[in-house]
Amino acid sequence: MKIAIIGAGEMGGAFAAGLLKGDLFKAEDITVANPHENKLQRFKQLGASVTTDNKAAVTDADFITIAVKPKVVKTVVDELKDSLDYDGQVIVNMAASVSIVQLSEWLEKDGKVPEIVQALPNIGIAEKASMTFLSPAPQSSRHLSQVEAIFNSVGKTHIVEESLLSSGTALSGCGIAYIMRFVRAASEAGVELGFEADDAKNIVVQTMQGAINLLNANGGNPEAEIDKVTTPGGMTIRGLNAMEQAGFTNAVIQGFKGCLN
Ligand SMILES: NC(=O)C1=CN([C@@H]2O[C@H](COP(=O)(O)OP(=O)(O)OC[C@H]3O[C@@H](n4cnc5c(N)ncnc54)[C@H](O)[C@@H]3O)[C@@H](O)[C@H]2O)C=CC1
Ligand SMILES: O=C(O)[C@@H]1CCC=N1
């Protein structure tokens, strides 16, 4: 099984890095393409096949991942169209806000379109910890289980209707940034409370790790975990109420929803 990744930026690069840490693909069966050689060096050093030629990248690939900015997708499709095998190759599109209808229109050749699967991961994919939303085009389910296996090898997957993809992108793709912002804010609190910046950040990350492990182990109800920490009349409830007075829950909801405006 071979995969081509067109675009070695933040997302394509993170995907390649995650796949190279796994064992689903041999390193040489992962081809990374980008017009700038300097973006390819680190993948070459890890044994991946690299090229500045998109057409060469898709030769023999079973899965072709498009990981360029949305406005570049049509250029890439136009360039690759004649080199694609519509019966055997699957197009996996990572560009947010490029629809299946739009892709099908751009890819259409003699009345045919290849299998298309929309895949919206987050950059946690570099550490094999992505939350990836998958949405196949109609009549594109032949290889869906293989696409699912690829993304399950670098995190978790959730198959959704295309109409839910942007909401999934908000929660997961953008969500990584919102969670990082929480880490930054909590670390700044740690500094004000007397810790060195690095120590504060490490303490916040380890605390977050504890919260994640508790959620994973105990069925995943955050309110139940909060109750275990919150002594009546104690410290935690004073902090929680202060956070709410400052608009914490509302700010978080507005943030996740705001990216869709
Ligand atoms: N960064 C993220 O967290 C996420 C990004 N995405 C999607 O991934 C796509 C890429 O985003 P980023 O990686 O953040 O952008 P980026 O700008 O970091 O990467 C894009 C890469 O494509 C390369 N490129 C430009 N023209 C090309 C061409 N004709 N052929 C091949 N490569 C070309 C650029 O040199 C660059 O390395 C976007 O469509 C975005 O919506 C989706 C989910 C999360
Ligand atoms: O900010 C963006 O537009 C992309 C989509 C999800 C993460 N990055």
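Residues numbered from 1 in each chain as written. Chains lettered and ligands numbered in written order. Predicted model: local features only at pLDDT ≥ 70, side-chain atom pairs only at ≥ 80, totals over all residues. Heavy atoms only, no water.

Within an unreviewed UniProt entry, the label attached to the protein reads Pyrroline-5-carboxylate reductase, and the organism entered is Hallella multisaccharivorax DSM 17128. In its Sequence similarities (unreviewed entry) section, UniProt records this for the protein: "Belongs to the pyrroline-5-carboxylate reductase family." Database annotation for the protein, UniProt heading Pathway (unreviewed entry): "Amino-acid biosynthesis; L-proline biosynthesis; L-proline from L-glutamate 5-semialdehyde: step 1/1." (UniProt positions renumbered as here; feature names shortened; annotations may be inferred.)

Engineer: Go over the UniProt feature "binding site: NADPH" (unreviewed entry) in the protein, please, and point to the residues and values.
Structural biologist: When the UniProt feature table is mapped onto this chain, "binding site: NADPH" (unreviewed entry) is found at Asn54. Positionally, Asn54 belongs in helix α3 (residues 54-58). Each residue touching Asn54, except ones within four places of it in the same chain, is listed here: Ile6, Ala33, Val76, Glu79 and Leu80. (Helix = DSSP H or I, 4+ residues; strand = E, 2+ residues; numbered from the N terminus. Contact = heavy atoms within 4.5 Å.)

Engineer: Just give me the short version of the site of ligand 1, but keep the residues and values in it.
Structural biologist: Around ligand 1 there are 23 residues in total, and Glu10, Met11, Asn34, Asn54 and Val68 lie nearest to it. Val68 is positioned with one of its backbone polar atoms (N or O) 2.7 Å from an oxygen atom of ligand 1. Within the contact set of ligand 1, an oxygen atom lies 3.2 Å away from a side-chain nitrogen or oxygen of Lys69. In isolation ligand 1 offers 830 Å² of accessible surface; the protein chains occlude 81% of this area. For the shell around ligand 1, the per-class residue count stands at 15 nonpolar, 5 polar and 3 charged. (Near = heavy atom within 4 Å. Polar contact = N/O pair within 3.5 Å; in protein donor to acceptor, adjacent residues only side chain to side chain. Areas by Shrake-Rupley, 256 points an atom, 1.4 Å probe, with all protein chains shown as cover. Nonpolar A, V, L, I, M, F, W, Y, C, P; charged D, E, K, R; others polar.)

Engineer: Residue-level account of the nonpolar core, with values.
Structural biologist: In terms of nonpolar packing, the biggest core is built from 31 residues, with Phe15, Leu19 and Phe151 touching the most fellow members. Contributing elements (two or more residues each) for this core: β1 (3-6), α1 (10-21), β2 (30-33), β5 (90-93), β6 (115-120) and α6 (144-152). Among the elements that make up this core, the one with the highest residue count is α1 (7 residues). With sequence-adjacent residues up to four places away left out, Leu19 is seen in contact with Ile3, Ile5, Phe25, Ile30, Ile150, Ser153 and Val154. (Core = buried A, V, L, I, M, F, W, Y, C linked by side-chain atoms within 4.5 Å. Buried < 20%, exposed > 50% of the residue type's maximum accessible area, 1.4 Å probe, protein only.)

Engineer: Tell me about the sheet that holds strand β3 (residues 49-51), and please be specific about residues and values.
Structural biologist: Taken together, the 8 strands give an open sheet; going across it, the order is β3-β2-β1-β4-β5-β6-β7-β8, and neighbouring strands pair in mixed fashion. Strands at the two margins of the open sheet, each flanked by one partner only, are β3 and β8 (155-159). Averaged over neighbouring strand pairs, the angle between their axes works out to 25° when direction is ignored. Two strands pair when backbone bridges link them, and strand β4 (residues 63-66) and β5 are joined in this way by 4 bridges, in the parallel orientation. When the bridges of β5 are listed, Ile64 appears paired with Ile91. (Pairing = 2+ DSSP bridges. Axes fitted to C-alpha atoms, helices over the stretch in contact; angles between N-to-C directions.)

Engineer: So what's going on with unusual backbone geometry? Which residues, and what values?
Structural biologist: Backbone geometry at Ser97 places phi at a positive 65°, although glycine is not the residue there. Mapped onto the secondary structure, Ser97 falls in the loop between β5 and α5 (100-107). Of the residues examined, Ser97 reaches a relative accessible area of 75% and is grouped as exposed. Residues other than glycine seldom take positive phi values, yet Asp110 does so here, at roughly 50°. Assessed through its relative accessible area of 77%, Asp110 is described here as exposed.

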